[in-house]
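Here is how the chains run, residue by residue.
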Amino acid sequence: MSTAGLDTQPSAATYDLEDLIAQAWNGGIRVPHFQRDFRWGTQDVIRLFDSIVRGYPVGSLLLWVRRSAAQKITLGTLEIDAPASDSALWVVDGQQRITSLANALHPDGNRHAPFNIFYDLAKREFVSPPMPHASHLIPLPILFDLEKLLDWFTGPGQMAAEHFPEARRIAKLLRQFKVPAYLVKQDDEEILTDIFDRMNNFGKRLSRAEIFSALFAGPEDGAQDRLSISRIAERIAARTGFGTIDDDTVLSSILARRGPDPAREIRNEFDDSRRRFGAEFPGESRDAAYDQGEQALIRAVTFLQEVAGVPHLSLLVYRSLLVVFTRFFAHFPEPEERNLQLLRRVYWQVAVSGPAVFKGSFTQISRVLSARIRPGDETGSIQGLISTMDEARPSIPNPERFRTNEATAKIILSSWWALHPRSPVSGELYDPQELTNLLADQTTAVTAVRRVFRRGLSPKQQLWAANRLFVPSVSDSVDEFPELLAHQPINLDDQIWDAVLASHCVTREAMHHLVRGDREAFLSIRQEIITSHLRDFLQRMAEWDYENTPSLDSLDLDDLDELEDAPDGTA
């Protein structure tokens, strides 16, 4: 790698926003070709202006100082005839901010989204274009220009004269806001593109959960005693043995409990007056939301383990379903037995056919299904959930492609767990705790899966489920497992040994071929067994052909009695 870099260190500068924007409008600020397109939306622009008037830092700019010819440039929606300059400023970092400011504060740029921003003098906040315009709403280009501001209050804004002090205050804050910048003088464009690449790609972006935790961290005092998203994940793992759920899924589950859209804007989560939809738990604090969210998550995990047959996170097909079930168990902590059965159907039908129904969008799975759960209506919520799969067609995942990080393998592994696998050494059932100890916090079950044949097969056969063994134990050697299955221990009678083989989708006939070295015959027989068992397992769990009627307890039997008593069969 070359160690060539900048000839001179960047110099620091500070611009009044008024002067910076004037340079942008005059063509003194340009965007180099290697910059990405403008990507901000209206709310991003609003937050930028809100930060400015609050005096918050908005980040430093990195500007490339270079000689530039006269040219017509585009900055957002603005077309600018830029003159030749010995020291034009090219934006290496800060394009979204510069473009937003230059357009939102310009009479022409402000006409177009996402720059069409107003200031609400009455509510003291920046807003997107209202319909119709109220007298106390002032466009930013007028607010930014002192002469236009005075004219506005003697004309269109006469009815808002009482708000003039507020307008003057905001105008002053905007014009005099200090924007820090680093200036780089460098002729080699490759070095500038390298700087740009490093600034935009090095390091790791904050996750949604990290942003949420930062926004609602609470005071420093007592922080060690309060629940956090990560601490919730750790406590659930310790209590259930399900593994450590990632922070973003924990956050989405907490949000789903509190409202039907787990992908909603998070910045106003605990401000009921500013949320787009009504709060289901009005006035609830962050700590209460975390506590109740944890309890609902535990109930959802317990359902997956004890009813749906998913013992560990690494076998969970879609984490978005955990989010949905958290919402359900938050509102219905002790559902009827019939509804638990129907909820199991939801899991397995979505696990198999969800990608086709939801077009492969796992965010849509959590949003659509969460919206079907209505507080106070357990039966209606269950019926709403299962109705989303009305158009789904029953199918069987293809066991000819087994990769532990893919949905098909997770479904197959769950079906193998349902066989209650046994040790070929002791003949005993493997304990769920052994699986937990083995998989711990892993996101796939790769450490519990062994290839029967590591080589000597075609690439296609290498991927077959028949070439995999599920060993949910830390005591039995994964590497020796095929050899162990090939020889019946003298201390295990035929009945126990047949149970051991069956728990791994193996028959004596298949083992006979394995001992003789006939790989083709062994794999073919076992693949048929796996496919047959998978079909039976999914039919039992997804119950595609069964009626989805609610429990008798949920029906209004008084209405049925009235129908029977009516003389002509009607009421």
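Residues numbered from 1 in each chain as written. Predicted model: local features only at pLDDT ≥ 70, side-chain atom pairs only at ≥ 80, totals over all residues. Heavy atoms only, no water.

(A) Geometry of the overall build of the protein chain. Scanning the protein chain for helices and strands turns up 23 helices and 12 strands. The 571 residues of the protein chain split such that 48% are buried. Restricting to contacts in the protein chain with at least 6 residues of sequence separation, those with at least 24 account for 70%. A total of about 28700 Å² of accessible surface is found on the protein chain, and carbon and sulfur atoms cover 49% of it. (Helix = DSSP H or I, 4+ residues; strand = E, 2+ residues; numbered from the N terminus. Buried < 20%, exposed > 50% of the residue type's maximum accessible area, 1.4 Å probe, protein only. Contact = heavy atoms within 4.5 Å. Areas by Shrake-Rupley, 256 points an atom, 1.4 Å probe, with all protein chains shown as cover.)

(B) Highlighting the sheet that holds strand S3 (residues 61–68). Spatial ordering of the open sheet is given by S1-S10-S3-S6-S2, a layout of five strands whose pairing is mixed. Here the strands that pair on one side only, and so sit at the sheet edges, are strand S1 (11–16) and strand S2 (29–30). Two strands pair when backbone bridges link them, and S3 and strand S10 (residues 178–185) are joined in this way by five bridges, in the parallel orientation. The residue of S10 that forms the bridge with Val65 is Lys185. Here helix H3 (residues 95–104) sits on the sheet in contact with S2, S3 and strand S6 (85–93), set at roughly 115° to S6. (Pairing = 2+ DSSP bridges. Axes fitted to C-alpha atoms, helices over the stretch in contact; angles between N-to-C directions.)

(C) A look at the pairing of S10. Summarising the sheet, S1 and S10 pair through six bridges and their orientation is antiparallel. Considered in S10, the bridge of Thr14 is made with Pro180.

(D) Looking closely at the pairing of strand S4 (residues 71–75). Two strands pair when backbone bridges link them, and S4 and strand S5 (residues 78–82) are joined in this way by five bridges, in the antiparallel orientation. When the bridges of S5 are listed, Gln71 appears paired with Ala82. Once S4 ends, the chain turns through two residues before running back antiparallel as S5, passing Gly76 with a positive phi of about 65°.

(E) View of the nonpolar core. With 99 residues, the main nonpolar core has Leu304, Val310, Phe325, Tyr347, Trp348, Trp416 and Phe522 as its most contacted residues. If we skip the residues at most four places from it in the chain, Phe325 touches Ala300, Phe303, Leu304, Leu343, Val346 and Tyr347. Residues Val53, Leu140, Trp152 and Ala171 belong to the second largest nonpolar core, which totals 51 residues. (Core = buried A, V, L, I, M, F, W, Y, C linked by side-chain atoms within 4.5 Å.)

Limitation: the analysis is restricted to geometry and does not speak to function.
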